[in-house]
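Single-letter residue listing:
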Amino acid sequence: MIKKILVITDSLGLPRAHPEKCSFEATWPCRLKAIPNLIVHQLSMGGATIDELYNQVINHHIFFNPDIIIIQSGIVDCSPRAFSRTELLLLNSTFITREIRAIIVKRFSNFLRRHRKVAYTTEKKFMFFLNNFHKISGTNTIFWLGILPGSEKYEKKVPGITKRINLYNKRIAQIFNENYISLETIPRDGIMSDQHHLNKEGHQYIYNLIVQKLNLG
């Protein structure tokens, strides 16, 4: 029996050249497409927050009528930021304010991330869209991949990231229960040096988890 799978991700489902290279063929969504009797449709948007992905799905991609939906989203939402998106729009509006932003980020980025507690998506808003995704499932089954775990290097680069990741993963697990696919045990050598993108080995690890969880092998 042919199954239709809708894959929804931020940049973690995409190939990339930096900071290390990962080819399109090595990504876990591409590998899923090679499994017989599966029709896989992919929506992946670099830098996308959960609300942006939801709006694309509810207005367009849900009409693919999938049997299964697999989602990988959350790191863009939860990461501590120096500025909100509204503030960035204002700061990037003129040459002078862009220069001011650059100076502030260079000198005070870690301090602002640690103390302002700003995120592109608040915990409350994240929960709202998690529930919205859960509601649209209907006869579909939604599986949600957890956010990649933090690390000492990542914490040094983005103060507060580990706590945020753990909190938002907790909320995903709370909504999707047994359909939450934790990535807590992913090997660190499966994650790029930027501490939040997948290399070839990381994509292979997630592919294996999905095949096992969904009995696709």
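To be clear, the structure that these remarks concern was listed above.
Residues numbered from 1 in each chain as written. Predicted model: local features only at pLDDT ≥ 70, side-chain atom pairs only at ≥ 80, totals over all residues. Heavy atoms only, no water.

Draft legend 1. Region of the structure containing the overall build of the protein. Each helix and strand counted, the protein has nine helices and five strands in total. Listed N to C, the secondary structure of the protein is β-α-β-α-β-α-α-α-α-β-α-α-β-α in terms of helices and strands. Against the 2.2 N^0.38 benchmark of 17 Å for 217 residues, the protein shows a C-alpha radius of gyration of 18 Å, consistent with a compact globule. By residue count, 50% of the 217 residues in the protein fall in the buried class. (Helix = DSSP H or I, 4+ residues; strand = E, 2+ residues; numbered from the N terminus. Rg over C-alpha atoms; globule rule 2.2 N^0.38 Å. Buried < 20%, exposed > 50% of the residue type's maximum accessible area, 1.4 Å probe, protein only.)

Draft legend 2. Quick look at helix α6 (residues 123-136). Over its 14 residues, α6 runs 20 Å from end to end, which matches the ideal 20 Å to within 8%, given 1.5 Å per residue. Buried within α6 are the following residues: F126, M127, F129, L130, N132, F133 and I136. Buried residues in α6 make contact with β1 (3-9), α2 (50-59), β3 (68-72), α3 (75-78), β4 (141-145) and α8 (161-176). (Expected span 1.5 Å × (residues − 1). Contact = heavy atoms within 4.5 Å.)

Draft legend 3. Inspection of the pattern of salt bridges at higher detail. Scanning the entire structure with this criterion turns up two salt bridges. Taking the shortest distance from any N to any O, the salt bridge between K125 and D51 comes out at 3.6 Å. Here the residue K125 occupies a position in helix α6, and D51 occupies one in helix α2, the gap between them amounting to 74 residues. Given the relative accessible area of 33%, K125 is considered partly exposed. (Salt bridge = Lys/Arg side-chain N within 4 Å of Asp/Glu carboxyl O.)

Draft legend 4. Examining the packing of α6 against α8 more closely. Between α6 and α8, whose axes approach to 10 Å, the crossing angle comes to 30°. The angle between α6 and α8 falls in the class roughly parallel. When you trace α6 past α8, the crossing you get is right-handed. Between α6 and α8, the contacting residues are E123, F126, M127, L130, N131, F133 and H134 on the first element and L167, Y168, R171, I172, Q174, I175 and F176 on the second. Within the contact of α6 with α8, the residues separate by chemical class into nine nonpolar, three polar and two charged. (Axes fitted to C-alpha atoms, helices over the stretch in contact; angles between N-to-C directions. Parallel < 35°, antiparallel > 145°, perpendicular 65-115°, else oblique. Left-handed = near helix turned anticlockwise from the far one by under 90°. Nonpolar A, V, L, I, M, F, W, Y, C, P; charged D, E, K, R; others polar.)

Draft legend 5. Structural detail: a nonpolar patch on the surface. A grouping of F95, I96 and I100 is seen on the molecular surface, where their side chains present a nonpolar patch of about 320 Å² in accessible area. Position of I100 among the secondary structure elements: in helix α5 (residues 95-116). According to the relative accessible area criterion, I100 is partly exposed, its value standing at 39%. (Patch = residues over 30% accessible without salt bridge, like charges linked within 9 Å, V, L, I, M, F, W, Y side chains within 5 Å. Areas by Shrake-Rupley, 256 points an atom, 1.4 Å probe, with all protein chains shown as cover.)

Draft legend 6. How the structure looks around the layout of surface pockets. When its volume is computed, the largest pocket comes out at roughly 310 Å³. Taken together, 13 residues line the largest pocket, and the ones lying closest to its centre are P80, K117, G160, K163 and R164. Elements supplying a minimum of two residues to the lining of the largest pocket: α5 and α8. Among the elements that take part in the lining of the largest pocket, α8 stands out by supplying four residues, more than any other. Residues of the lining of the largest pocket, tallied by class, amount to five nonpolar, two polar and six charged. Estimated volume of the second largest pocket: approximately 230 Å³. Elements supplying a minimum of two residues to the lining of the second largest pocket: α3 and α7 (152-157). (1 Å grid on protein atoms, 1.4 Å probe; cavity = no way out; pocket = protein on both sides within 12 Å on 5 of 7 lines; lining within 4 Å. Points joined across faces, edges and corners; volume = space filled by probe spheres on them.)

Draft legend 7. Spotlight on empty space enclosed by the protein. Using the criterion set out here, one finds one cavity of 30 Å³ or more in the structure. As for the largest cavity, its lining consists of D10, L12, Q72, S73, G74, I75, G146, I147, L148 and H196. Considered class by class, the residues forming the lining of the largest cavity number four nonpolar, five polar and one charged.

Draft legend 8. Just the sheet that holds β4, in detail. The strand order β2-β1-β3-β4-β5 describes an open sheet built from five strands, whose pairing is parallel. Each end of this open sheet is capped by a strand with a single partner; those strands are β2 (38-44) and β5 (180-181). In the sheet, β4 pairs with β5 via two bridges, with the strands oriented parallel. Across the sheet, residue L145 finds its bridge partner in β5, namely I181. Against the sheet, helix α9 (residues 200-213) makes contact with β3, β4 and β5, and its axis sits at roughly 150° relative to β4, the strand it touches most. (Pairing = 2+ DSSP bridges.)

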